[in-house]
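Each chain is listed here by its residues.
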Amino acid sequence: MLRQLVNEARFALTLTTTGPLLIRSGQARLGNSDMVPVQTFRDGDWQVYVPGSSLKGAVRSHAERLLRSIRADAACDPFDGSSVCRSRSESPDAATIYESLCCACRLFGSLTYAGRVAIGDCYLPRGARVRLERRNGVGIDRLTGGSSTGALFDLEAVPSGVSFEGSVRLRNFEAWQLALLLLVFEDLAQGFVPLGGGRSRGYGAVTATIPLLSVTWCGMERPPADAIWGLGQRLRGAYGTKEEDRLPTNTALNWSRQGVRWQATIEGPFEALRGTLEEAVVTAARERKR
Ligand SMILES: [Zn+2]
């Protein structure tokens, strides 16, 4: 919706398996689309990786659960064909489209809007190798979660204790959107966000660490030391944003200037910020028109 960059938050993350993670194989058909990681040819060898799209799917699902726990319609129902978020709006006006979307679509995107979050593919650290575990198997029926008759095949899994490295970027965000994303990654860090297929059978347990959050604000005015400014601070309430759009921080931010950009970093984990993050998300979800 905005061509120019107003603010940006980015962080690197390390994703570590705490249980087996199913691999998508060329042979396996059942449950195939849910299985991560997948394999790719990299650095002269076949390697497993976790696609950013898979991680984004898991992160979005968890964000939707959090939003619905605050307010049932804060995240739209993906199976509701008549939902405003799913309809292709006639309106060419980006502000109208953005304002009509639910909280989840405003952050992660919808059919009509690209969203704010980019999650990159997560790869093994350079030089690391993984010995995959063979699990012989009975196919998992996607509908019932039980075994599927006649679908015997060998499953491969990444064992527990394997780490993948990736990065997350959030651009032109409102303060509550950064809060929601950090809350989800804090839950991921604590092992509450499963990844990939076979979850009901104990697959997909992961944890994450985020060493450093880096925040950028574009503009001449120096941002405050005790808060991160959201997009509304610049838009002055346009697009349904808040005029006072700020996320308070518990540590003083040491902004450094690079041209017309201000940059600051906050060290993870963000457990100490949890109360502030929750308050920002709860307020935003309740105040929205829908
Ligand atoms: Zn929606």
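What counts as what
- Residues numbered from 1 in each chain as written.
- Predicted model: local features only at pLDDT ≥ 70, side-chain atom pairs only at ≥ 80, totals over all residues.
- Helix = DSSP H or I, 4+ residues; strand = E, 2+ residues; numbered from the N terminus.
- Buried ≥ 20, exposed ≤ 12 C-beta atoms within 10 Å, placed from the backbone.
- Contact = placed C-beta atoms within 7 Å.
- Pairing = 2+ DSSP bridges.
- Axes fitted to C-alpha atoms, helices over the stretch in contact; angles between N-to-C directions.
- Parallel < 35°, antiparallel > 145°, perpendicular 65-115°, else oblique.
- Left-handed = near helix turned anticlockwise from the far one by under 90°.
- Core = buried A, V, L, I, M, F, W, Y, C linked by C-beta atoms within 7 Å.
- pLDDT = per-residue confidence, 0-100.

Regarding the overall build of the protein chain
What the protein chain contains, in helices and strands, is 6 helices and 15 strands. Put simply, the protein chain has 290 residues, and 38% of those count as buried. Nonlocal contacts in the protein chain, meaning residues at least 24 apart in sequence, comprise 69% of its contacts between residues at least 6 apart.

Considerations on unusual backbone geometry
Glycine aside, residues mostly have negative phi angles, and peptide bonds mostly take the trans form. Geometrically, the link from G268 to P269 is a cis peptide bond, its omega value of 0° lying close to zero. Note on placement: P269 falls in the loop between β15 (261–267) and α6 (274–287). The phi dihedral of N172 falls on the positive side, at around 50°, and the residue is not glycine. Looking at the secondary structure, you find N172 in the loop between β9 (163–171) and α4 (175–189). Given 19 C-beta atoms within a 10 Å radius, N172 is considered partly exposed. One non-glycine residue with positive phi stands out, namely Y239, at about 65°. Take Y239: it is sitting in the loop between α5 (232–235) and β13 (246–248). Y239 gets classed as partly exposed once you count the C-beta atoms within 10 Å, which come to 17.

Structural notes on the pairing of β9
Residues F164, G166, V168 and L170 line the buried face of β9, whereas the alternating positions S163, E165, S167, R169 and R171 sit on a face that is not buried. By the bridge criterion, 9 bridges tie strand β1 (residues 7–17) to β9 in an arrangement that is antiparallel. Bridged to R10 within β9 is R169. Sheet topology places strand β5 (residues 117–119) next to β9; 3 bridges connect them, and they run antiparallel. Bridging across to β9, A118 finds its partner in R169.

Remarks on the packing of helix α1 (residues 52–70) against α6
Where α1 contacts α6, the axes come no closer than 9 Å and their chain directions differ by 65°. By the angle between their axes, α1 is roughly perpendicular relative to α6. Crossing of α1 against α6: the hand is right-handed. Counting all contacts with α1, which are made through L66, L67 and I70, the residues of α6 involved are V281, V282, A285 and R286.

Structural notes on the nonpolar core
A104, L178, A179, L180, V184 and V281 are the most contacted members of the largest nonpolar core, which has 74 residues in total. Sorting elements by how many residues they give to this core places α4 first, with 12 residues. Ignoring any residue separated from it by four or fewer positions in sequence, one finds A179 in contact with L247, L277, A280 and V281.

Side note on the confidence of the model for the protein chain
When pLDDT is averaged across the protein chain, the result is 86; 86% of the residues are at 70 or more. Every residue in residues 26–32 is under pLDDT 50, and counting partners more than four places away or in other chains gives 15 contacts.

Observations regarding the environment of R10
With respect to the helices and strands, the residue R10 is situated in strand β1. Residue classification places R10 among the partly exposed positions, given that 15 C-beta atoms sit within 10 Å. Between the C-alpha atom of R10 and that of L170, which follows or precedes it by 160 residues, the distance is 6.2 Å.

Examining the environment of E278
Topologically, E278 is positioned in helix α6. Separated by 99 residues in the primary sequence, E278 and A179 place their C-alpha atoms 7.2 Å from one another.

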